[in-house]
Structure formats: structure tokens, C-alpha cells
Amino acid sequence: MEKDLINRARKKDVQAISEIVQKTQRKAIYFAYKVVNDEALAKDIVLQSYILAFQNLNQLMDDGIFEHWFGRIVSEQLLNQIEYEKSSSLNSSFYVDEEDRIEFDANVRNDKMPFKFESFMNVQKIQDTTQSVLNLLTEKQRLMLMMYYFENMSIFEIADIVGVSENAVKDNLAYARKKIMNTLSDANVKSMAFLSWFLNDQMSKMISCHVSVDTIVEAISCIPQQVGIYDNMSGILGWWLRKTAISKALIVVLSMTLMSFILGALSDSNYNTIVKATEKLDTLESFHIKGVQHTQNGDIDFDVYIKNTDDIDEYYAVATTTIPEEVGYYYVFHYKDNQCQKYITTTPVDLNSIDGSQFGEYLTPSTNGNDLVDCYILSSKSIYKELLTMQPDSYDIALLKACGILFNGDENLRIRAVDKVRVLDKENINEANFERDGDIKRIKYNLALWKTDNSNEIITEQKSDSSNMVEIRDGYITHLELNDPIDGGQYYYGSYLKMDFIDFVE
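Presented here is a report on the structure given in the accompanying data block. None of these values were measured; they are calculated from a predicted model.

1. Section: the overall build of the protein chain
Of the regular secondary structure elements, the protein chain holds 18 helices and 14 strands. Taking all 506 residues of the protein chain together, the buried fraction comes to 52%. Put simply, of all contacts in the protein chain between residues at least 6 apart along the chain, 62% involve residues at least 24 apart. Roughly 23,600 Å² of accessible area belongs to the protein chain as shown, and the carbon and sulfur atoms make up 47% of that amount.

In C-alpha cells form, the structure reads like this:
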């Protein structure tokens, strides 16, 4: 979506609003229809979603992700509708065994690959069979299926919107996947890549896919421009409830459930903006982290060059530091899931001259007596991902388990601590405000911290003296600055850590 179009829409430019609706309404209506199976209701939900989106465009921190952001709003509205109509929760009666979960995890990449029909396939039969299976799923299961395979949302993002654990999302997707794949086994369909093709093919053939731009323009022009998301809330709700042309479905979604959505989900965008900007680094071919860390022995400068692969949990890194005993050496790493390989050389190495034959055996963060060994956290993505999102990757989880054993006698204690801190940090981030400096968006917020008492119970502090300052540009994280005051002489990633993300190669 063109950024100029979004800027014009912020100023209530009718032509810009009309163009955005024309570009996005087919996908939005189809998405809603596949969940609720009611064309009129789907259009009403999408209409209300547009009104919310255009009224709150100032909440969108990266204009380049409008369509994804709008997809979240439609998802929230669909969820509100489902919960109002049926007061339903996730279907807890279905059974997913461990093999189904393993099968889902093992095929994450294949299921998102482009689908190619073979000449012997009966296309119409496959489509009819798939639709019959979709109709057997609950509305929430269809919603999650569409969010994952059609809107291309992550497991974490779906869990965040639906309000369940990531494992619950995976269980529902694994259940739906098994039903569809079992039904299509006789048709020689080998992966769920077919589903994305099927959905997009159906969408392209949809005839009735229009919402009223006039209604949207009238609505957002009647609502005063908000200084804050809490301002004029009674006026918004009152205006909508007085409109005689509003259908039952729209009044439904403007109930207390919608008010909760406006106060909660939209204000939740700060954290989600940081998560998306962090994840966007994984879409680059390569990038460079230039960092500084304060330690008890003085400042350390470090450079880490990251080269991504098609697998989000596999990448290469080349690192150098100013630690006296390491100057002149190039540290080369291959990270894959919870392991890494490395080799060290004095011959200059860049991302295009990595010699795979030089790598040693795979290593996993582990303990040896009182020491933590085989842990090259500063050269990995793990450090910035945890600091920015509190979502440990596979390598970081292995490190947290090793630290838990070494320092707490419980391999899962630090993972539980990170889970607790993530909830608090999410609140801290959403209470802060982004500042704009040209095309840079900057936010500073206090960090939650944790410690253990004498019985090894986790104690958290909502807002400590530690803080993060984050900058985002063009949808990417470009700067992270951690200030962590010394506590009793102990350090956590040093008392100060700065990382600049530069030299992006798309």
C-alpha cells in the first residue's frame, strides 16, 4: 500500500479512502465471509472495520503494513461477533495427539510453499471436498485457519488476538489440518499449500465484494479527531447507536465487547509494532548489527553480520569484537534451531565467503561444572529478539534452560520468568507513546524485571529503573538501546547495550 495514500487518508481525503477500500475490500469481505458464512454479516463487519481503521490511522506506526494491520482489525471484529452470537470458547472436545502436533510443526514450511496442480487431479472435487471440511469446523477454528493460511499471520499473533496460548492455536490448526489432509488423501494432495491456492482462487472469483465508501466517509467525518484513544468514547458509541441505518450486526460489535476492543486491542499496537518490526528483519537477505556494550572491564565494540536463510530458525553470522584477546579474529557461526556451529579464523571473512567445510560439530548451550559453555549469544539473533519482544527463539530457550540449571537448579525457571515478564513489558510498552522524528518512530519504556526469593519463587517488578529505547524506520527495527542500572554489582547483558541495525539487503 502506497504510503502517500495512507497519509492522505489520515487527512480524511475522500479519494484516498476510496482507493484504499477498492484495493482491500475484496480480500477483507472474503476473509469475513469464510468465517461467518453470511455475506451480509461479513460486509457489515468489514464496513465497521474500515470505520475503526480510518478513525484510528494515527495508531498505525508503519504505513507500509496497513493491509496487515487492517487484517488484525477485521480478525478482532470477527472474534467479537463470534463470541457475542454464541458465547463460545475454543472447542475443547476435539482430540489432537502428539503425532498431529509433530506433523503440523514439521510441515510449517511446506504448507506455505506455492501449490502446483498435477494433470491427474480433479480440481472441482478437491475444492468441493475442502469446502465441506471447512464447514465442519467451528467458527473460531475457521477464523484461526484463515488468519494463518490466508492472512499469513504468525502463531504468536493469532494467539495474541484470540486470547489463547500459542499451543492452543497450534492444536486447533493441527486438528483442522489433519481433517483436511485426511479427506484429500485420495486426491494425492500432499500439503496444505493447496488451501492457500484454493482460498485465493475463490476470492478472485467472488462477484459481490463492495462496501459503501460513502458510509465510511460519513462515519469518520462525524466522529471528532481523537487526541487519545480514550477521548470522546461516549460520543463515538452514542453516535453509532443513534444511527437508524445501522444493522443489528453493527450494533452487536459496538457493544461493550467492541468498546473493550477499542480500548484494548488498538492500544496494544505499540507492542505488536515492535514485534512486527523485529520479525521483519528475518525477511531480509542480510543485515549488520553495530553494537557497544558496557562491562565491568570497560566498553566493548562489536560487529555482527547476519545472513538469513529460508528457514527462520537457521542463519549465518560473522562477528568481530574489540575485546583485546579477540582482536584480529573472525568468529563465524551457523545457527540452526537450538544449536550452532562455529569456526575462528584470522583471514577476513564476509557473508559471501563463509567456508562451510570449516565448521565444527553442532553445539548447544550447556553447563560444565560452574561454567556456561558453548554460548555465543551476542553473535546471535537471540539477544535482540528477547530484549525487544521477550519471545525467546529456539537457541535462546536452550540457553535459558542451561542458565536455569546452573543458577537456579530448575531448567524451566527462567522460561517461566520470561513468560511473566513478557506480560508486564507488553503493558509497559503499550502505556508509552511513539514519537516521530521525520521517518523515524521512537519509543522509550521502562522494563519489567524478575528475581527469585529464598524458596526459588519468581518475583516480578512491573516498572524498574531499567529501560529500552527503540527506533523503527520503514517498518524495521533500526536501533535498540538498553540502560540497565547496576544492582549490587551484578550485570544483565551489561549495564548499557546499544545495537544499530544497518546495511539492510532485501
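2. Remarks on the pairing of strand S3 (residues 314–321)
Counting buried positions over the 8 residues of S3 gives 6, a clear majority of the element. Where strand S2 (residues 298–308) meets S3, 7 bridges bridge the pair, whose relative direction is antiparallel. The partner of Phe-302 across the bridge, within S3, is Thr-321. Where S2 folds back onto S3 in an antiparallel hairpin, the turn is made up of 5 residues. In this structure, S3 lies alongside strand S4 (residues 330–336), joined through 6 bridges in antiparallel fashion. From the neighbouring strand, Ala-319 faces S4, where its bridge partner is Tyr-331.

3. A look at the side chain of Asn-468
With respect to the element layout, Asn-468 can be found in strand S12 (residues 467–473). Classification of Asn-468 as buried rests on a relative accessible area of 0%. At 3.0 Å, the side chain of Asn-468 and the backbone oxygen of Leu-387 are in polar contact.

4. Re the packing of helix H7 (residues 139–149) against helix H9 (residues 166–183)
Packed helices, taken two at a time, are described by the angle their axes make and the gap between the axes. Packing of H7 against H9 leaves a shortest axis separation of 10 Å and a crossing angle of 90°. Considered as vectors, H7 and H9 are oriented roughly perpendicular to each other. Where H7 abuts H9, its residues Gln-141, Met-144, Leu-145, Tyr-148 and Tyr-149 lie against Val-169, Asn-172, Leu-173, Tyr-175, Ala-176, Arg-177 and Ile-180. Partitioning the contact of H7 with H9 into residue classes produces 9 nonpolar, 2 polar and 1 charged.

5. Points about the nonpolar core
Formed by 74 residues in total, the largest nonpolar core has its most connected members in Phe-31, Tyr-50, Phe-54, Leu-78, Leu-145 and Ile-216. The element that contributes the greatest number of residues to this core is helix H2 (residues 14–36), accounting for 11 residues. Apart from residues no more than four positions distant in its own chain, Phe-54 is found in contact with Ala-9, Lys-12, Ile-17, Ile-20, Val-21, Ile-216 and Ile-220. Residues Ile-289, Val-304, Tyr-315 and Cys-403 belong to the second largest nonpolar core, which totals 43 residues.

6. Quick look at the packing of aromatic side chains
By the definition in use, this model includes 19 aromatic pairs. Each ring, one from Tyr-315 and one from Tyr-335, has its centre 4.9 Å from the other, and the planes form 20°; the classification is stacked. Pair noted here: Tyr-315 is in strand S3 and Tyr-335 is in strand S4, with a separation of 20 residues, a long-range link. Side by side, Tyr-315 and Tyr-335 carry an identical accessibility label, which is buried.

7. Describing H9
Between the first and last C-alpha of H9 there are 26 Å, a value that for 18 residues agrees with the 26 Å anticipated at 1.5 Å per step. Turning to H9, its buried residues are Ala-168, Val-169, Asp-171, Asn-172, Leu-173, Ala-174, Ala-176, Arg-177, Ile-180 and Met-181. Elements in contact with the buried residues of H9: helix H5 (98–106), helix H6 (123–136), H7, helix H8 (155–162) and helix H10 (193–205).

8. Looking at the pattern of salt bridges
For side chains bearing opposite charge, pairing can occur when the charged atoms are close. Enumeration according to the criterion identifies 20 salt bridges in this entry. With a shortest N-O distance of 3.7 Å, Glu-279 and Lys-276 are connected by a salt bridge. One end of the pair is Glu-279 and the other is Lys-276, both in helix H15 (residues 269–280) and 3 residues apart, which spans about a single turn. Salt-bridge contacts for Arg-422 lead to Asp-419; the nearest nitrogen and oxygen are separated by 3.0 Å. Here Arg-422 pairs with Asp-419, and both are found in helix H18 (residues 413–431), just 3 residues apart, close to one helical turn. Judged by relative accessible area, Arg-422 falls into the buried class, the value being 18%. Classification of Asp-419 by relative accessible area gives partly exposed; the value is 35%.

Definitions and limits used
Residues numbered from 1 in each chain as written. Predicted model: local features only at pLDDT ≥ 70, side-chain atom pairs only at ≥ 80, totals over all residues. Heavy atoms only, no water. Helix = DSSP H or I, 4+ residues; strand = E, 2+ residues; numbered from the N terminus. Buried < 20%, exposed > 50% of the residue type's maximum accessible area, 1.4 Å probe, protein only. Contact = heavy atoms within 4.5 Å. Areas by Shrake-Rupley, 256 points an atom, 1.4 Å probe, with all protein chains shown as cover. Pairing = 2+ DSSP bridges. Polar contact = N/O pair within 3.5 Å; in protein donor to acceptor, adjacent residues only side chain to side chain. Axes fitted to C-alpha atoms, helices over the stretch in contact; angles between N-to-C directions. Parallel < 35°, antiparallel > 145°, perpendicular 65-115°, else oblique. Nonpolar A, V, L, I, M, F, W, Y, C, P; charged D, E, K, R; others polar. Core = buried A, V, L, I, M, F, W, Y, C linked by side-chain atoms within 4.5 Å. Phe/Tyr/Trp six-rings, centres within 6.5 Å; stacked < 30°, edge-to-face > 60°. Expected span 1.5 Å × (residues − 1). Salt bridge = Lys/Arg side-chain N within 4 Å of Asp/Glu carboxyl O.

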